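Structural overview
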Amino acid sequence: MPVTPQETPSVAPSKVFIKTYGCQMNVYDSERMGEVLNESGYVSTETLEDADLVILNTCHIREKAAEKVYSELGRLRKLKSRSGRDMKIAVAGCVAQAEGEEIVRRAPVVDLVFGPQTYHRLPDLLDRHRDTGAAVIETELPVDEKFAVLDAPSTKPVKRGVAAFVTVQEGCDKFCTFCVVPYTRGAEFSRPADRILAEARKLVDAGVREITLLGQNVNAWHGSGLAGHDWTLGHLLDALSDVDGLERLRYTTSHPRDMDDDLIAAHGANPKLMPYLHLPVQSGSDTILKAMNRKHTAAEYIELVRRIRDARPDIAMSSDFIVGFPGETDADFAATMDLVAQVTYAQAFSFKYSPRPGTPASTEAAQVPEDVKTQRLADLQAVLGKQQAAFNAACTGRVLDVLLEKPGRQKGQLIGRSPYLQSVYIDAGDHVIGDTVRVAIESVGPNSLTGHMVEA
Ligand code: SAM
Ligand code: SF4
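These lines cover the structure that appears in this document, whether it is placed above or below.

Rules and cut-offs
- Going along each chain's sequence as written, the residues are numbered from 1 onward.
- Following the order in which they are written, the chains are lettered starting with A and the ligands numbered starting with 1.
- Note on the predicted model: pLDDT of at least 70 is required for a residue's local features to be given, and 80 or more for side-chain atom pairs to be given and counted; whole-chain, interface and lining totals, by contrast, use all residues.
- Hydrogens and water are ignored here; the side-chain numbers use all heavy atoms of the structure.
- Nearness is judged by heavy atoms alone; a residue qualifies as near a molecule or strand once a single heavy atom is within 4 Å of it.
- Residues adjacent in sequence count toward polar contacts only when both atoms are side-chain atoms; beyond that, a polar contact is any pair of N or O atoms within 3.5 Å, and within protein one must be able to donate a hydrogen and the other to accept it.
- A 1.4 Å probe and the Shrake-Rupley method give the accessible areas. Residues count as covered only by the protein chains that appear here.
- Fitted lines through C-alpha atoms serve as axes, helices being fitted only where they are in contact, and the angles separating the N-to-C directions of these axes extend from 0 to 180 degrees.
- Counting from the N terminus, the helices are DSSP H or I runs at least four residues long and the strands are E runs at least two residues long.
- Any two residues whose heavy atoms approach within 4.5 Å are treated as being in contact.
- Any two strands with at least two DSSP-identified bridges between them are counted as paired.
- Three categories are distinguished: nonpolar for Ala, Val, Leu, Ile, Met, Phe, Trp, Tyr, Cys and Pro, charged for Asp, Glu, Lys and Arg, and polar for the others, with Gly belonging to the last.
- Only residues whose relative accessible area exceeds 30% and that take part in no salt bridge are eligible for patches, with like-charged residues grouped when within 9 Å of each other and nonpolar side chains (Val, Leu, Ile, Met, Phe, Trp, Tyr) grouped when within 5 Å.
- Salt-bridge detection follows one rule: a side-chain nitrogen of Lys or Arg within 4 Å of a carboxyl oxygen of Asp or Glu.
- For this count, His and the chain ends are skipped, Lys and Arg are scored as positive, and Asp and Glu as negative.
- The atoms used to mark charge sites are NZ of Lys, CZ of Arg, CG of Asp and CD of Glu.
- Throughout, exposure labels follow a simple rule: accessible area from a 1.4 Å probe, protein chains only, divided by the maximum for the residue type, with under 20% read as buried, over 50% as exposed, and the rest as partly exposed.
- Orient the strands so they point away from the viewer; a crossover is then right-handed if the path from the first strand over the helix to the second runs clockwise.

Moving on, we get to the site of ligand 1. Around ligand 1, a shell composed of 17 residues is seen, among which Gln 216, Gln 282, Arg 294, Asp 320 and Ser 354 lie nearest. At 2.7 Å, a backbone N or O of Gln 216 approaches a nitrogen atom of ligand 1. Note that a nitrogen atom of ligand 1 is positioned 2.8 Å from one of the backbone N or O atoms of Ser 354. In the complex, the protein chains occlude 90% of the 570 Å² of accessible area that ligand 1 would expose alone.

The angle between the axes and the distance between the axes are what describe a pair of packed helices. Where helix α1 (residues 24-39) meets helix α5 (residues 122-132), the closest approach of the two axes is 9 Å, and the angle between their N-to-C directions is 60°. In this structure, α1 uses Met 33, Val 36 and Leu 37 to contact α5, whose residues at the interface are Leu 122, Pro 123 and Leu 126.

So, about the sheet that holds strand β3 (residues 53-58). Across the sheet, which stays open at both edges, the six strands sit in the order β2-β1-β3-β4-β5-β6 with parallel pairing between neighbours. Taken across any chain shown, the strands that pair with only one partner, and hence form the sheet edges, are β2 (43-44) and β6 (136-138). Alignment of β3 against strand β4 (residues 88-92), held across five bridges, turns out to be parallel. Residue pairing in the sheet places Val 54 in a bridge with Ile 89 of β4. Of the strands in this sheet, β1 (15-20), β3, β4 and β5 (112-114) touch α1, which is tilted by about 155° from β3.

Turning our attention to the site of ligand 2. What surrounds ligand 2 is the set Cys 172, Lys 174, Phe 175, Cys 176, Phe 178, Cys 179, Val 181, Pro 182, Asn 217, His 255 and Arg 294. Taken together, the residues of the shell around ligand 2 break down into seven nonpolar, two polar and two charged.

With that out of the way, let us pick up the sheet that holds strand β17 (residues 399-407). The pairing of strands in a sheet happens through backbone hydrogen bonds and is either parallel or antiparallel. Taken in spatial order, the five strands of this closed barrel run β17-β18-β19-β21-β20, and their pairing is mixed. Neighbouring strand axes in the sheet, compared pairwise and without regard to direction, differ in orientation by 55° on average. Here β17 runs beside strand β20 (residues 436-444); their pairing, made up of five bridges, is antiparallel. By the bridge assignment, Val 399 is partnered in β20 with Ala 440.

Here we come to the pairing of β20. As paired elements, β20 and strand β21 (residues 448-454) share six bridges and run antiparallel to each other. Note on β21: the bridge partner recorded for Ile 441 is Gly 451. Counting the residues in the hairpin turn of β20 and β21 gives three residues.

A surface patch of like charges, here negative, comprises Asp 238, Asp 242, Asp 244 and Asp 262. The topology assignment puts Asp 238 in helix α9 (residues 233-241).

Taking burial as the measure, the eight residues of strand β15 (residues 316-323) include eight buried ones, the bulk of the element. Here β15 shows no split at all, with Ala 316, Ser 318, Asp 320 and Ile 322 on one side and Met 317, Ser 319, Phe 321 and Val 323 on the other all buried. Direction of pairing for β15 relative to strand β16 (residues 347-352): parallel, over a ladder of six bridges. When the bridges of β16 are listed, Val 323 appears paired with Lys 352. Regarding the hand of the β-α-β motif, the stretch spanning β15, helix α13 (residues 330-343) and β16 is right-handed.

Moving on, we get to the packing of α9 against helix α10 (residues 261-269). It is the contact of α9 with α10, at a shortest axis distance of 7 Å, that shows an interaxial angle of 35°. For the pair formed by α9 and α10, the contact residues are Leu 233, Gly 234, His 235 and Leu 237 on the first element and Asp 262, Leu 263 and Ala 266 on the second. Residue composition of the contact of α9 with α10, by class: four nonpolar, two polar and one charged.

You can see Val 305 is positioned in helix α12 (residues 298-311). For the pair Val 305 and Leu 279, spaced 26 residues apart in sequence, the C-alpha to C-alpha distance is 9.0 Å. In contact with Val 305, other than residues within four places in its own chain, are Met 317 and Val 343.

In total, this model carries 31 salt bridges according to the counting rule given. Its salt-bridge partner being Lys 80, residue Asp 111 comes within 3.9 Å of it at the nearest N-O pair. Of this pair, Asp 111 sits in the loop between α4 (101-106) and β5 while Lys 80 sits in helix α2 (residues 63-83), and the two are 31 residues apart along the sequence. Looking at Asp 111, the relative accessible area reads 10%, which means it is buried. Judged by relative accessible area, which is 19%, Lys 80 ranks as buried. Here the residues in one salt-bridge network are Arg 121, Asp 124, Arg 128, Glu 138 and Glu 140, joined through shared partners.

Its location among the elements puts Pro 13 in the segment before β1. Taking the C-alpha atoms as reference points, Pro 13 and Asn 38, 25 residues apart in sequence, are found 9.7 Å from one another. If we ignore the near neighbours within four places in the chain, the residues touching Pro 13 are Gly 41, Val 43 and Asp 52.

Pasting the structure below:
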């Protein structure tokens with residue numbers, strides 16, 4: 001992300017390279033780290049070799065994600081010794097939170113380790129490292145302090161594209177038995193509504209047209225709203241839709257248990273709320289859902305989707321699935337396939353179960369063999385892929401509103417997003433990034449749509 005210096009410094013500013021792994025919340029956090037460092041005179045670089053500070057903002061959700069970080073640290077160690085430069089190396093995010101000092105033991109090249117709730121202290125951590133020369137490890141979970149600091153008025157305008165993320169909720173109290181999030185991100189915390197509204201207005205002033213509200217359990221967001229009322233996410237979305245110049249709203253990731261009536265109603269009543277909902281179910285087997293501690297059944301999920309579709313019939317549904325959870329039998333997996341057939345998804349993310357240290361499921365005796373997981377994932381993804389292709393194909397011949405976001409590969413081409421979050425390629429004519437145009441969809445590829453503009 002671009003970081004520009006606040007004022008012309010007398011010496012060359014230090015450069016920071018931030019590499020982001022994992023979810024959109026990490027993307028948001030990396031942007032905030034860039035802004036915090038910008039206040040201390042850093043500028044961003046896209047060239048690793050130029051960096052004075054390299055930050056790996058990590059994800060711990062599955063095993064491979066953590067291993068990728070250690071491989072990257074190996075490459076950085078070689079780069080640092082080859083160049084002979086005093087490059088500082090930091091590990092941030094959920095691997096930092098979960099592994100703490102272990103990171104420095106395994107990769108002594110690391111100078112700073114800090115978790116997702118302490119990056120607002122980055123300048124202070126860098127000073128401490130400079131003063132002592134020793135590795136600094138900061139893995140407390142003071143989430144309210146982080147937002148209090150980040151919410152303080154910035155001296156600089158925000159520079160973003162036309163679509164931005166805003167974290168409104170952090171952490172999780174649900175303790176699904178497979179998941180590290182409650183341990184790495186801490187307890188549930190909702191940012192105050194007035195701060196969220198202020199950030200949204202600031203983003204819109206800087207050219208943003210679409211905001212996606214983020215949270216590990218975004219629909220668990222609650223707070224005291226304007227005029228002293230208690231708000232849930234549906235109310236917050238309504239208040240945000242009154243922000244002039246803001247055209248589109250989305251939110252992710254939701255838990256089925258927190259889809260309340262107001263939020264479902266907002267999907268029917270709020271024209272700025274886009275018809276796309278990521279609502280992870282993980283499994284279609286009641287036995288597995290219970291073992292996962294999801295606290296709902298497959299039938300309850302299917303009924304929930306029916307109510308959401310009653311409110312907004314064209315809504316594109318998305319989900320996360322885990323295959324090979326401990327104890328998952330062929331019958332349990334068949335129940336997942338059955339749920340997928342009943343719901344039909346426009347998009348979905350599916351994973352093999354990955355045992356995470358410290359989570360209850362990781363010590364279950366009945367771990368599913370790797371080859372079974374591989375086969376189930378392939379079977380599930382084949383069906384989900386077909387459903388996605390069918391959803392996209394059904395858009396052919398329709399006219400969709402497309403928010404233009406970035407240049408395409410060809411001259412004059414721009415790429416935008418449909419209401420259903422599909423990428424749409426068009427020849428944009430006189431239109432520019434940030435415009436919303438009407439597009440007649442002509443053809444459909446595996447991951448994108450192509451069309452031509454029609455009169456509004
Ligand atoms: N809060 C969201 C929910 O309740 O559905 C999910 C957030 S989690 C960061 C994103 C996804 O990662 C999950 O929905 C799940 O499918 C996947 N995931 C989490 N832990 C996993 C594990 N141990 N193995 C495989 N996938 C996992
Ligand atoms: Fe993890 Fe989501 Fe379950 Fe919380 S609700 S423990 S974030 S999967």
